[in-house]
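Spelled out from the first residue to the last, the chains are:
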Amino acid sequence: MIRLFLVRLAGAVPVLLLVSAISFGLMRLIPGDPSASIAGLSATPQMIAQIREQLGLDQPFLVQAVRWYGGLLQGDLGRSILLGQSVFWATLERVPVTVALSIYALVITLLIGIGTGVIAALRQNSWVDQAAMMFAMLGISVPSFFLGLLFIIWFAVGLGWLPTGGYIPFTQDPWGWFRTSTMPAVSLALLQVGLLARVTRSTMLEVLRQDYVRTARAKGLPRHLVVGKHALANAMIPITTIVGIVITLLVSGSVVIETLFSIPGIGQLLTSAVLGRDYPMVQGGLLLVTGMLVLVNLGVDMLYAVLDPRIRYGR
Amino acid sequence: MADSPGRATLRRLLRHRLFLTGLVLFGIILAFAAFAPWITTADPIKLGMRTKFRPPGSDFIFGTDNLGRSLWSRMVWGARLSVEIGVMVVALNAVFGTIVGAVSGYFPRLDGAIMRVNDALMAFPAILLAIGVTAVLGPSTENMILALAVVYIPRTARIVRASVLVLRETEFVQAAVAAGASHWRILRTHVLPNAVAPLIVQLSFLFAYAVLTEATLSFLGLGAVPPTPTWGNIMAEGRQYMREAPWIITMPGVLLMITVMGLNLLGDGLRDVLDPRLRVQP
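Parameters at a glance
- Residues numbered from 1 in each chain as written.
- Chains lettered and ligands numbered in written order.
- Predicted model: local features only at pLDDT ≥ 70, side-chain atom pairs only at ≥ 80, totals over all residues.
- Helix = DSSP H or I, 4+ residues; strand = E, 2+ residues; numbered from the N terminus.
- Buried ≥ 20, exposed ≤ 12 C-beta atoms within 10 Å, placed from the backbone.
- Contact = placed C-beta atoms within 7 Å.
- Axes fitted to C-alpha atoms, helices over the stretch in contact; angles between N-to-C directions.
- Left-handed = near helix turned anticlockwise from the far one by under 90°.
- Nonpolar A, V, L, I, M, F, W, Y, C, P; charged D, E, K, R; others polar.
- pLDDT = per-residue confidence, 0-100.
- Core = buried A, V, L, I, M, F, W, Y, C linked by C-beta atoms within 7 Å.
- Expected span 1.5 Å × (residues − 1).
- Bend = angle between axes of the 7 residues up to and from the residue.
- Parallel < 35°, antiparallel > 145°, perpendicular 65-115°, else oblique.

Colleague: What is the right way to look at the overall build of chain A in this model?
Modeller: Regarding its fold elements, chain A presents 13 helices and 0 strands. Based on the C-alpha atoms only, the size of chain A along its principal axes is roughly 85 × 55 × 35 Å. Per-residue burial over chain A gives 40% buried out of 315 residues. Put simply, 71% of the contacts in chain A that link residues at least 6 apart link residues at least 24 apart.

As structure tokens, then:
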């Protein structure tokens, strides 16, 4: 188990190195001089020169690279121009918000996604199955921000049940958190619900055809045990593999959802950084978020090994 | 008369109900895009101070926005832009995804390095990477196409590579190697034609992702610059007028949904018919 973990960790190292190189290199590709566009239209040449010096853009490429990686090793990714705060802390401060929202959306995804898929598989080709798959198709086709806008129009502007946006931390007021997070979490989850329902259905259909399920049925085991213990437990293995993908999709989706609902998470931080030409923030934020996702995926991989002994004891 | 395999596939597709539904839905959008200049009378960027906030109805079939512009015109021209971007991204993916995937799958020595770069690019959340690239290049239609290509080519390459890896070990390829065929000839005549089916399936889903991601980015203000109408920026402008004029948001949103659903259905149908082994993959 530990050996497997170390092997996977070693596999993630080159990916992390390349991710950092891409994040760094991307910002050097900006045509012309970013300090001019940061300073704005009314900037004097002195102001531009000052920003250039602050960002280290007056140095040769290699010096910049060494500086950046040197800082990276100490957890220093530079300073955000817009916030005047260190990029590292600005990002870390907002992690709990995005994580809370993603967990909420993930719970919705797992409950409704797996539920829909299992029900559809148990009633294959019936109207229940068709309705479930139509729902899943709708899920993967409705853009999350459109759904969010519709929710705002219906439940916030129309009925006035929920606030149009804003955020209250869970630790401060759980009910307030629930009220501000429900519309964003549901809009964020829908795509993943659709995906998971489709994957669950096809995996379940495959598992339900296996001999051991037929045996379990033949020996008169109650239906819920056959489905829950024999079929679903085995279907969970392929389903777990896509949980890593689901988490990446949730973070990707949170960019637009957080901006739409004015939730101060990582997604909103990066969107405003891009719109405000805060290049150090964009560069550092990209690296931090992606780095964290690589580690989360590593964790999911390990979970997969815990669930499936064939992987643990195999090669 | 004997049936050619191509015609048999086509007939199976035309009997696939979901595929046909997708074809109709996407066909509507394609028709909008193709006939935009002929089916709109109002100028999509011309302001009309006396026609602000007209609800959908007689004068303006889909209503007008906060600046009195015809939403129908703006949506149809937006459809043209979305389709253009989708087509370009799909074309770039078809070419570069195939090249990268084929080289990686066929030449084991290059595989490791290419796939590491691929993994790194795929580790970034799609929207974040696209945002990063547009931040660097600046907002415009061409840069949007480029950003989407950078995001999606690694995913396409991975699928082509997977087919090539399998095909490389097949007996007919081994036979071609033994017969002394060149690598180029083997790839072109034996490997790639057999890798086309999963590629086509991937490209139809990719078209949907490209349109969706473009709309998302232009909703965030990172797409084509207003007043050029895109579905995303029409919806972004509508946000301030949700109370008075919700149709500014719902109309383009529904079109976007129809496009994505049509393409998803097309992709599902193509997968069922061309490559039944593939399962649902995000």
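Colleague: Hey, could you run me through the overall build of chain B in this one?
Modeller: Per the secondary structure count, chain B includes 11 helices and 0 strands. The buried share among the 282 residues of chain B stands at 50%. Long-range contacts, defined here as pairs at least 24 residues apart, represent 69% of the contacts in chain B between residues at least 6 apart.

Colleague: Can you help me understand the packing of helix α9 (residues 183-219) of chain B against helix α10 (residues 231-238) of chain B in this one?
Modeller: The description of two packed helices rests on the angle between their axes and on the distance between the axes. Residues and elements named next belong to chain B. Taken N-terminus to C-terminus, the directions of α9 and α10 make an angle of 35°; their axes are 7 Å apart at the nearest point. Crossing geometry of α9 relative to α10 is assigned as right-handed. On the side of α9, the interface is formed by E214, A215, T216, L217, S218 and F219, while α10 contributes W231, G232, N233, M235 and A236. Across the contact of α9 with α10, the residue classes tally to 6 nonpolar, 4 polar and 1 charged.

Colleague: Any chance you could explain the interface of chain B and chain A here in plain terms?
Modeller: One frequently used descriptor of interface size is the decrease in accessible area upon assembly of the parts. Chain B puts 36 residues into the contact, and the matching count from chain A is 43 residues. At the level of elements, α5 (108-123), α6 (126-137), α9 and α11 (247-274) of chain B are the ones that each hand at least two residues to the side of chain B that touches chain A. Considering every element that reaches the side of chain B that touches chain A, the biggest residue donor is α6(B), with 8 residues.

Colleague: Would you mind going over the confidence of the model for chain B with me for this structure?
Modeller: In low-pLDDT segments, the atomic positions of the prediction should not be examined closely. All names here are of chain B. In this model, chain B carries a mean pLDDT of 84, and residues with pLDDT of at least 70 account for 89%. Taking the mean pLDDT of every element in chain B, the minimum, 75, falls on helix α3 (residues 36-39) and the maximum, 90, on helix α7 (residues 141-168). Two numbers describe this predicted complex: its pTM, 0.86, and its ipTM, 0.83.

Colleague: Quick question: what am I supposed to make of the nonpolar core here?
Modeller: The nonpolar side chains of a soluble globular protein tend to be buried with one another. All names here are of chain B. Ranked by size, the top nonpolar core spans 165 residues in total, and within it A130, I131, L148 and A210 carry the most contacts. By residue number, the principal contributor to this core is α9, which donates 18 residues. Setting aside its immediate chain neighbours within four residues, A210 contacts I85, G86, V89, V90, L148 and Y152.

Colleague: Sorry if this is basic, but what is going on with helix α5 (residues 87-122) of chain A here?
Modeller: Residues spaced three or four apart along an α-helix face the same direction, because each turn holds 3.6 residues. The end-to-end C-alpha distance of α5(A) is 50 Å, a good match for the 52 Å that 36 residues give at a rise of 1.5 Å each. The sharpest bend along α5(A) reaches about 35° and sits at A:V95, with the proline A:P96 one to four residues further on.

Colleague: Can you help me understand the confidence of the model for chain A in this one?
Modeller: Put simply, chain A has an average pLDDT of 83, and 95% of its residues get 70 or more. For chain A, helix α2 (residues 34-39) of chain A is the element with the lowest average pLDDT, namely 68, and α5(A) is the one with the highest, namely 90.

Colleague: Help me understand unusual backbone geometry, please; the structure alone is not making it clear to me.
Modeller: As a rule of thumb, non-glycine residues mostly have phi less than zero, and peptide bonds are mostly trans rather than cis. Residues and elements named next belong to chain A. Even without a glycine there, the phi angle at N125 is positive, about 70°. Looking at the secondary structure, you find N125 in the loop between α5 and α6 (127-141). The class for N125 is exposed, based on 8 C-beta atoms found within 10 Å.

Colleague: Explain the packing of helix α7 (residues 144-158) of chain A against helix α10 (residues 223-260) of chain A here, please?
Modeller: All names here are of chain A. With their axes 9 Å apart at the nearest point, α7 and α10 run at an angle of 25° to one another. As summarised for this structure, α7 and α10 are arranged roughly parallel, according to the angle between their axes. Two packed elements cross with a definite hand, and for α7 against α10 that hand is right-handed. Residues S144, F145 and G148 of α7 form the contact with α10, whose participating residues are G253, V256, I257 and L260. By residue class, the composition of the contact of α7 with α10 is 4 nonpolar, 3 polar and no charged.

Colleague: Where do I start with α5(B) in this structure?
Modeller: Here α5(B) is 16 residues long and its end C-alpha atoms lie 22 Å apart, about the 22 Å a rise of 1.5 Å per residue gives. The set of residues buried in α5(B) consists of B:N118, B:A120, B:L121 and B:A123. For α5(B), the secondary structure elements touched by its buried residues are α1 (2-28) and α12 (279-307) of chain A together with α7 of chain B.

Colleague: Before we go on, may I ask you to explain the environment of A:L73 in this structure?
Modeller: All names here are of chain A. Looking at where L73 falls in the secondary structure, it is placed in helix α4 (residues 61-73). Here L73 falls in the exposed class, since 7 other C-beta atoms lie within 10 Å of it. Residues L73 and V207, spaced 134 residues apart in sequence, show a C-alpha to C-alpha distance of 47 Å.

Colleague: So what exactly am I meant to see when it comes to the environment of A:L303 here?
Modeller: Following the sequence through the fold, A:L303 ends up in helix α12. With 198 residues separating them along the chain, A:L303 and A:A105 place their C-alpha atoms 20 Å apart.

Colleague: Is there a simple way to think about the environment of B:Y209 in this case?
Modeller: Along the chain, B:Y209 turns up in helix α9. Residues B:Y209 and B:M251, spaced 42 residues apart in sequence, show a C-alpha to C-alpha distance of 20 Å.

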